[in-house]
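# Observations on the three-dimensional arrangement
Spelled out from the first residue to the last, the chains are:
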Amino acid sequence: MRETWRWFGPNDLVGIDDVCEAGAKGIVTALHHVPTGTVWSRDEIARRKAEIATRRNGRPSGLAWDVVESLPVSEDIKTGGANWRSHVDSYVDSLRNIAAEGIRVVCYNFMPVLDWTRTDLAYEVATGATCMRFDLADFAAFDLYILERAGAADEFDAALQAEARRRFDAMSADDRAALARNVVFGLPGAAESFSLEDVRACLQDYAQIGEDTLRANLVAFLKEVAPVAEELGIRLCCHPDDPPFPLLGLPRIMSTQNDYARIMDAVPSKASGITLCTGSLGARGDNDLPGMIDALGDRIHFLHLRNVKREDGTVPGSFYEAEHLGGDTDMVAVVAAILREEARRRGAGRADASIPFRPDHGQDILDDKSRKAQPGYPAIGRLKGLAELRGVIAALSHREAAE
């Protein structure tokens, strides 16, 4: 398992020197300043590589750009909109430039409108650490009474609507504005940001798009780009829905093992694969993550290892981002399944036997609170998570060698 670290570029408050000190071997990043649907030029990619390779004092960092996360898929591609052809062509051109610069793993997602959704970006847990949280009643308050989405009342039961109303009535104007900002925060570092009017307009674009249509659009996209990726030696990997259940009346098509299996079967190229995010998928109690790795492991090209604590048992609902070994996902069993997959790959002589992973998200602890980096991406909280994962990997690898 290859240790990587997500970095948001030169403006990231967690810098390349911090990554070196954490001991990660590779960088996961993107050209966040390039608008979605625009070609990533070789010059821009090379410039980012040079930034990764250099410490503050000008000395080499020893770090490489291992994974692109993300090369965004436009809403026109997801909806089959007017710019579908030009945006697919731009995506292909970007893949060619990425490959020309020696990068071989490209993560993306196919979530409509928002790349992830949380209601609180700094929820305090018992230890005093803060983390990101999704509270279903707060989200219902946003959907019903702030966004005022048509049809929202049909998607929440009477008890949840009553609790959402109670919470909304107790919120100040500032509280309501903060909740709206949190919900539409989207992907940290992205070129775009969203207002409520933007969200309403995007939702309208999906008014006639259900699961079957969205899935067909993903398959159509992959049939265009996967052959190019295979030719270039690039491994594409789709991130799951976050959270992995329907929100805002939007379809979800990458939330379960069955969802992934349908796409993998429809586009059987090994170049089209999976970003296994244990935090996103772990928000559903019915997702068996070690079993998913055993079943679909040969298509897993990238790993996000984080944990969540589900507050509503196994039913999809509220959750918060726990310590890496402290949530509802059995991270030891997950790592054991990954090591089994890597052993199978070594036995088959695969060049990609070592799967890149990153300690995804992290709780803000100690000096993280004064640094105020991107929500979910603190320096010390992620370092703690990486250290815990590193220990699990070392222990399981030692046991495997002894056997």
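Residues numbered from 1 in each chain as written. Predicted model: local features only at pLDDT ≥ 70, side-chain atom pairs only at ≥ 80, totals over all residues. Heavy atoms only, no water.

### Points about the packing of helix α9 (residues 211-232) against helix α10 (residues 257-266)
This is how it is decided: Here, axes are lines fitted to C-alpha atoms. For helices the fit covers the stretch in contact, and angles between N-to-C directions go from 0 to 180 degrees. Each helix is a run of H or I in the DSSP string that is no shorter than four residues. Each strand is a run of E no shorter than two, and both are numbered from the N terminus. Orientation is classified from the angle alone, with under 35 degrees giving roughly parallel, over 145 giving roughly antiparallel, 65 to 115 giving roughly perpendicular, and any other angle giving oblique. In this scheme, a crossing is called left-handed if the near helix is turned counterclockwise away from the far one by less than a right angle; it is called right-handed if the turn is clockwise. Contacts: residue pairs with any heavy atoms within 4.5 Å of one another. When residue character is reported, Ala, Val, Leu, Ile, Met, Phe, Trp, Tyr, Cys and Pro are called nonpolar, Asp, Glu, Lys and Arg charged, and the others, Gly included, polar.
Running from N to C, α9 and α10 cross one another at 40 degrees; their axes reach a closest spacing of 10 Å. The angle between the axes of α9 and α10 places the two elements in the oblique class. As α9 packs across α10, the resulting crossing turns out to be right-handed. Each of Arg215, Leu218, Val219, Leu222 and Lys223 in α9 lies in contact with α10, whose residues at this interface are Asp259, Arg262, Ile263 and Ala266. Residue composition of the contact of α9 with α10, grouped by class: 5 nonpolar, no polar and 4 charged.

### Quick look at empty space enclosed by the protein
Formally: We place a 1 Å grid over just the protein atoms. Points where a 1.4 Å probe fits but has no way out form a cavity, open points with protein on both sides within 12 Å along at least 5 of 7 lines form a pocket, and any residue with an atom within 4 Å of a point lines it. Grid points are joined across faces, edges and corners, and a volume is the space filled by probe spheres set on the points.
One pass over the full model with this rule turns up 4 cavities of 30 Å³ or more. Quantified by volume, the second largest cavity comes out at close to 90 Å³. Along the walls of the second largest cavity sit 15 residues, with Gly37, Thr38, Leu71, Pro72 and Tyr91 positioned nearest its centre. Per element, the largest residue contribution to the lining of the second largest cavity is 4 residues, and it comes from helix α4 (residues 84-100). Split into classes, the residues belonging to the lining of the second largest cavity amount to 8 nonpolar, 7 polar and no charged.

### Looking at the sheet that holds strand β11 (residues 319-322)
Rules: Strand pairing requires that DSSP identify at least two bridges connecting the strands.
Taken in spatial order, the 4 strands make up an open sheet running β5-β6-β11-β10, and their pairing is antiparallel. Edge strands, defined here as strands with exactly one partner in the open sheet, are β5 (120-124) and β10 (307-310). Adjacent strand axes in the sheet meet at a mean angle of 40 degrees, parallel and antiparallel pairs treated alike. Across 2 bridges, the pairing between strand β6 (residues 130-134) and β11 is antiparallel.

### Here we look at unusual backbone geometry
Glycine aside, negative phi is the norm for most residues, and most peptide bonds take the trans geometry. Cis rather than trans, the peptide bond between Glu69 and Ser70 has omega equal to -5 degrees. Structurally, Ser70 can be placed in the loop between β3 (64-69) and α3 (75-79). Geometrically, the link from Asp242 to Pro243 is a cis peptide bond, its omega value of 0 degrees lying close to zero. Checked against the element boundaries, Pro243 lands in the loop between β7 (235-239) and α10. With a phi close to 55 degrees, Glu148 is a non-glycine residue in the positive phi region. For Glu148, the location among the structural elements is in the loop between α5 (136-146) and α6 (158-170). Residues other than glycine seldom take positive phi values, yet Leu366 does so here, at roughly 50 degrees.

### Considerations on helix α2 (residues 42-52)
Let me state the cut-off plainly: Per-residue accessibility, obtained with a 1.4 Å probe over protein chains only, is compared with the maximum for each type, and a residue is labelled buried under 20%, exposed over 50%, and partly exposed between these values. Relevant arc is that of directions from the helix axis to the C-beta atoms, nothing else.
Taken together, the buried positions of α2 are occupied by Ile45, Arg48 and Ile52. In an axial view of α2, the angular spread of the buried residues amounts to 65 degrees, which keeps them on one side of the axis.

### A closer look at the nonpolar core
Keep this limit in mind: The criterion is simple. A nonpolar core is a set of buried Ala, Val, Leu, Ile, Met, Phe, Trp, Tyr and Cys residues joined through side-chain atoms within 4.5 Å.
One finds Trp40, Phe142 and Phe221 to be the most contacted residues of the largest nonpolar core, which totals 113 residues. A total of 10 residues in this core trace back to one element, the largest contributor, which is α9. For Trp40, the residues in contact, after removing those within four places along its chain, are Ala30, Leu31, Val34, Ile45, Trp65, Val68, Ser70, Leu71, Pro72, Ser94, Asn97 and Ile98.

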